[in-house]
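# Structure at a glance
One-letter residues, chain by chain:
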There are 2 protein chains.
Amino acid sequence: MRRSIVNDPDDLVAEALEGLVLTHPTLLELNAEHRYVTRKQKARDKVGLVSGGGAGHEPLHSGFVGTGMLDVAVSGAVFASPTALQVLAATKAADAGRGVVQIVKNYTGDVLNFRIAGEISGDDAIDTEIVLVDDDLASDTGEDDGPGRRGTAATVIVEKICGAAAEEGRSLKEVAEIGRRVAARSRSLSLALAAGTHPGDDEPQFTLEADEVEFGVGIHGERAKERVPFTSADDLTEQLVDPLVKELELDRGDDVLAIVNGLGSAYPLELSVVARALHHRLADGGIHLSRSLVGSYVTSLDMHGVSLTLMPLDDETSRLWDALVRTPALTW
Amino acid sequence: MRRSIVNDPDDLVAEALEGLVLTHPTLLELNAEHRYVTRKQKARDKVGLVSGGGAGHEPLHSGFVGTGMLDVAVSGAVFASPTALQVLAATKAADAGRGVVQIVKNYTGDVLNFRIAGEISGDDAIDTEIVLVDDDLASDTGEDDGPGRRGTAATVIVEKICGAAAEEGRSLKEVAEIGRRVAARSRSLSLALAAGTHPGDDEPQFTLEADEVEFGVGIHGERAKERVPFTSADDLTEQLVDPLVKELELDRGDDVLAIVNGLGSAYPLELSVVARALHHRLADGGIHLSRSLVGSYVTSLDMHGVSLTLMPLDDETSRLWDALVRTPALTW
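Residues numbered from 1 in each chain as written. Chains lettered and ligands numbered in written order. Predicted model: local features only at pLDDT ≥ 70, side-chain atom pairs only at ≥ 80, totals over all residues. Heavy atoms only, no water.

Right, let's talk about the overall build of chain A for a bit. Along the backbone of chain A there are 8 helices and 12 strands. Against the compact-globule benchmark of 20 Å for 332 residues, chain A has a radius of gyration of 19 Å, which places it among compact chains. Taking the principal axes of its C-alpha atoms as reference, chain A extends roughly 55 × 50 × 40 Å. Relative to its full complement of 332 residues, chain A shows a buried share of 61%. Restricting the contact set of chain A to residue pairs at least 6 apart, pairs at least 24 apart contribute 73%. In the structure as shown, chain A presents an accessible area of about 12000 Å², 46% of it carried by carbon and sulfur atoms. When the 31 basic and 54 acidic side-chain charges of chain A are each reduced to a single mean position, those positions are 5 Å apart. (Helix = DSSP H or I, 4+ residues; strand = E, 2+ residues; numbered from the N terminus. Rg over C-alpha atoms; globule rule 2.2 N^0.38 Å. Buried < 20%, exposed > 50% of the residue type's maximum accessible area, 1.4 Å probe, protein only. Contact = heavy atoms within 4.5 Å. Areas by Shrake-Rupley, 256 points an atom, 1.4 Å probe, with all protein chains shown as cover. Lys, Arg positive; Asp, Glu negative; His and termini not counted. Charge placed at Lys NZ, Arg CZ, Asp CG, Glu CD.)

So this is what it looks like as structure tokens:
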């Protein structure tokens, strides 16, 4: 049994957005009608950045609105895409006259609604470019005609690096181009020891035996193709690291960025142990982990699990990653 | 059943500290022998600040080492005080020639070991002052001869404000004095919908019925004196807010700082809903909530619950709270 600290579950997203904006009154502003959050001080003369998707993944996306990252984040209900009308309103709010990059996780509803909104906003002379994030290696079927890989924690990297590029004054095409390059070079893998529970429900989305780990789980509780034996943190981490290293063809001397991401109820001691195992595993292969985030950045309600995201760095992406950022969930 | 992402539970704290320092290589340094974390660039010509206690409450304390906050954080095993020898080594490491303030949560073992360490470090001509944090209203018995109130999330406020005061160059006595003033004016209350589970155990520290909430729970799974009915987030929040407002004698026109703190597996939507309810409840009483932290800062493994901390602000504490800080868990 997992209960939730909520009022009416139907009001959860609206109330949580209000709470976030009340917590950051100098940084954020709420559009309650269309459920999007914008910067309080609208940026001028730069490419706009909008992202969004279903709720339940916080701090993604609303926690990444601010200087150096998103201009606008729009939220659907828990695990449900925002409507095309919401996305349209959010896209218009992100425009400062130089066009808008829409950062979209690869799920059918999100892609459809952002695409429709992009087309309609063209009628108002707003140029848009979609950057699709599809980093989840577990959903890579190798087929060309399927839905493709799901978008997960690499979204944070794309939002950060596009944010810095836009802040530098780059053009719409340039910001979209670096976003696509980052997305193409980022891969993630996730595992869960326990599923999350929908607000208002008593039971989790699925249950596992005591000796099972769901390997390759999605951030909406999508089951994986396989379950692996429950084992030590070091062993589990290696099972996440090794396929990513292989897929990205990482080699001795490469410098990488990692996100060790808690999926909801993994606590800091657990995440730090995974971070340590990751460092050692990469070092064994001569790969240098120069930058990492360790925390719960892209969650799935209270799912107990961890995802690992890797991206090889070069001079340009390192510089853009290091650039100043000031948002509720990421500041340096 | 709650399993943990760990290796040998006996190695958990050492491995997690190593993972934290590997994640922040330019900011932190590890002393593996005595299990403390220091700033990589040791501060000069300022009062030193050391804190610590049992593990399982991360990011407290190691996540608050850095510019504008702690110089050193020392960790015991999960829910167990560091030894006097560990604290002694950590206190010496915090000294830069102007004495050391020890920030200690009010638990018997912690108080004893910090006090012994303080006395022994006097032999090395290191002046120390203890600032005791005892904010947990639920453990206030009104008796003079008991153990007193437990120390919980107000520790973050004390560490931040003492950190800023030390960074300004204030004397040992002055830094201790403002720390004591902040501690004396901070109160917290916690509730839990589910207990945490010790790493390596399968079962939580206690279980509740579906209609029960543990009201006044401690951060080590200490049971409360009472259970209250499970109800809405707004109702639960008011049950936390009202006794704090009364105890602190807050009144119309007062300006306060709050921490809405997740105890482990409360997720961001839940915490934002509590933050919203807090804002509205205080506003109803004419109290202005000008500054707040909303997140999981002082945890109890994966306990599902929330604590609320309030402290009235004045010009001096507002300025010290707002001063620059750069640590793994708090940066602005």
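This is not the end of the story, as more comes after the structure.
How big an interface is tends to be expressed through the accessible area that disappears when the partners come together. All names here are of chain A. Along its sequence, chain A is carved into domain 1 (12-185) and domain 2 (187-314). Measuring from the centre of the C-alpha atoms in domain 1 to the corresponding centre in domain 2 gives 24 Å. Taken together, the contacts link 30 residues of domain 1 with 33 residues of domain 2. Here domain 1 and domain 2 share an interface that buries about 2600 Å² over both sides, 63% of which is from carbon and sulfur atoms. The partner of Asp-314 in a salt bridge is Arg-181, with the nearest N and O atoms 2.9 Å apart. (Domains from an automatic or database assignment. Buried area = accessible area lost by both parts, 1.4 Å probe. Salt bridge = Lys/Arg side-chain N within 4 Å of Asp/Glu carboxyl O.)

The omega torsion of the bond from A:Glu58 to A:Pro59 falls at 10 degrees, within 30 degrees of zero and hence cis. Inspection of the secondary structure puts A:Pro59 in the loop between β3 (48-55) and β4 (72-78). Its identity is not glycine, yet B:Asp45 carries a phi of approximately 50 degrees, on the positive side. Note on placement: B:Asp45 falls in the loop between β2 (36-39) and β3 (48-55).

This part is about the pattern of salt bridges. Residue and element names in this part refer to chain A. Under the counting rule described, the total for this entry stands at 53 salt bridges over all chains. Put simply, Glu-316 and Arg-181 hold a salt bridge, and the shortest N to O gap is 2.5 Å. Of this pair, Glu-316 sits in helix α8 (residues 315-322) while Arg-181 sits in helix α5 (residues 172-184), placing them 135 residues apart in sequence. Relative accessible area serves as the criterion here: at 26%, Glu-316 is assigned to the partly exposed category.

Residues and elements named next belong to chain A. The pairing of strand β1 (residues 28-31) with strand β2 (residues 36-39) spans 4 bridges and is classified as antiparallel. The residue bridging Leu-28 from the neighbouring strand is Arg-39, located in β2. Hairpin connection from β1 to β2: 4 residues lie between these consecutive antiparallel strands, with Arg-35 at a positive phi of about 50 degrees. (Pairing = 2+ DSSP bridges.)

Between chain A and chain B, the contact holds 54 residues from the first and 54 residues from the second. Interface area for chain A against chain B, summed over the two sides, is near 4700 Å², with a carbon-plus-sulfur share of 61%. The largest contributions to the chain A side of the interface with chain B come from A:Arg3, A:Ile5 and A:Leu269, which together make up 19% of the buried area. Counting across the chain A and chain B interface gives 6 salt bridges. Note that B:Arg2 is salt-bridged to A:Glu270, the shortest N-O span being 2.9 Å. Between the two partners, chain A and chain B, sit 26 residue pairs in polar contact (both at pLDDT 80 or more). Those elements giving two or more residues to the side of chain A that touches chain B turn out to be α1 (12-23), α6 (233-247), α7 (268-284), β11 (288-295) and β12 (304-312) of chain A. When residues of the side of chain A that touches chain B are assigned to their parent elements, the largest contribution, 10 residues, is made by α7(A). Looking at the side of chain A that touches chain B residue by residue, the classes come out as 26 nonpolar, 15 polar and 13 charged. (Polar contact = N/O pair within 3.5 Å; in protein donor to acceptor, adjacent residues only side chain to side chain. Nonpolar A, V, L, I, M, F, W, Y, C, P; charged D, E, K, R; others polar.)

The next thing to look at is the pairing of β3(A). Every other side chain in a regular strand lies on the same face of the sheet, so the side chains alternate between the two faces. Residues and elements named next belong to chain A. Taking burial as the measure, the 8 residues of β3 include 8 buried ones, the bulk of the element. Across 5 bridges, the pairing between β3 and β4 is parallel. Paired with Gly-53 across the strands is Ser-75, a residue of β4.

Tallied over the entire structure, the rule returns 2 aromatic pairs over all chains. The interplanar angle of 55 degrees and the centroid separation of 5.4 Å between the aromatic rings of A:Trp321 and A:Trp332 together place this pair among those described as tilted. One end of the pair, A:Trp321, is in helix α8; the other, A:Trp332, is in the segment after α8, with 11 residues separating them in the sequence. The exposure class of A:Trp321 is buried, given its relative accessible area of 4%. One Lys or Arg, A:Arg3, reaches over the ring of B:Phe230 and ends 4.7 Å from the middle of that ring. For B:Arg223, the ring lying beneath its charged end belongs to B:Phe206, and the centroid distance is 4.2 Å. (Phe/Tyr/Trp six-rings, centres within 6.5 Å; stacked < 30°, edge-to-face > 60°. Lys NZ or Arg CZ within 6 Å of the ring centre and 35° of its normal.)

Residue and element names in this part refer to chain B. Taking 1.5 Å of rise per residue, 15 residues should cover 21 Å, and helix α3 (residues 108-122) covers 21 Å from first to last C-alpha, within 8% of that figure. Taken residue by residue, α3 has Asp-110, Val-111, Asn-113, Phe-114, Ala-117, Gly-118 and Ser-121 as its buried positions. If you follow the buried residues of α3, they end up packed against β3, β4 (72-78), α2 (84-94), β5 (100-105) and β6 (128-133). (Expected span 1.5 Å × (residues − 1).)

Bringing the UniProt feature "domain: DhaK" (unreviewed entry) in chain A into the picture now. Within the UniProt annotation, "domain: DhaK" (unreviewed entry) is assigned to residues 8-330 of chain A. Counting secondary structure, residues 8-330 of chain A comes out at 33% helix and 24% strand; the distance between its end C-alpha atoms is 30 Å. (UniProt positions renumbered as here; feature names shortened; annotations may be inferred.)

When the C-alpha atoms of B:Trp321 and B:Lys160 are compared, they prove to be 6.4 Å apart, with 161 residues separating the residues in sequence. When near neighbours in sequence (up to four residues on either side) are disregarded, B:Trp321 contacts B:Val156, B:Ile157, B:Lys160, B:Ile161, B:Leu257, B:Arg291, B:Leu293 and B:Trp332.

Right, let's talk about the sheet that holds β5(B) for a bit. Residue and element names in this part refer to chain B. Read across the sheet, 6 strands follow the order β1-β2-β4-β3-β5-β6 without closing on themselves; strand pairing throughout is mixed. Strands with a single pairing partner mark the edges of an open sheet, and in this sheet they are β1 (28-31) and β6. Each strand axis lies, on average, 20 degrees off the axis of its neighbour in the sheet, ignoring direction. Alignment of β3 against β5, held across 4 bridges, turns out to be parallel. Pairing of Leu-49 across the sheet is with Val-101, part of β5. Lying on the sheet, α3 is in contact with β3, β4, β5 and β6; it crosses β5 at an angle near 165 degrees. Across the sheet, helix α5 (residues 172-184) is in contact with β3, β5 and β6; its angle to β6 comes to roughly 10 degrees. (Axes fitted to C-alpha atoms, helices over the stretch in contact; angles between N-to-C directions.)

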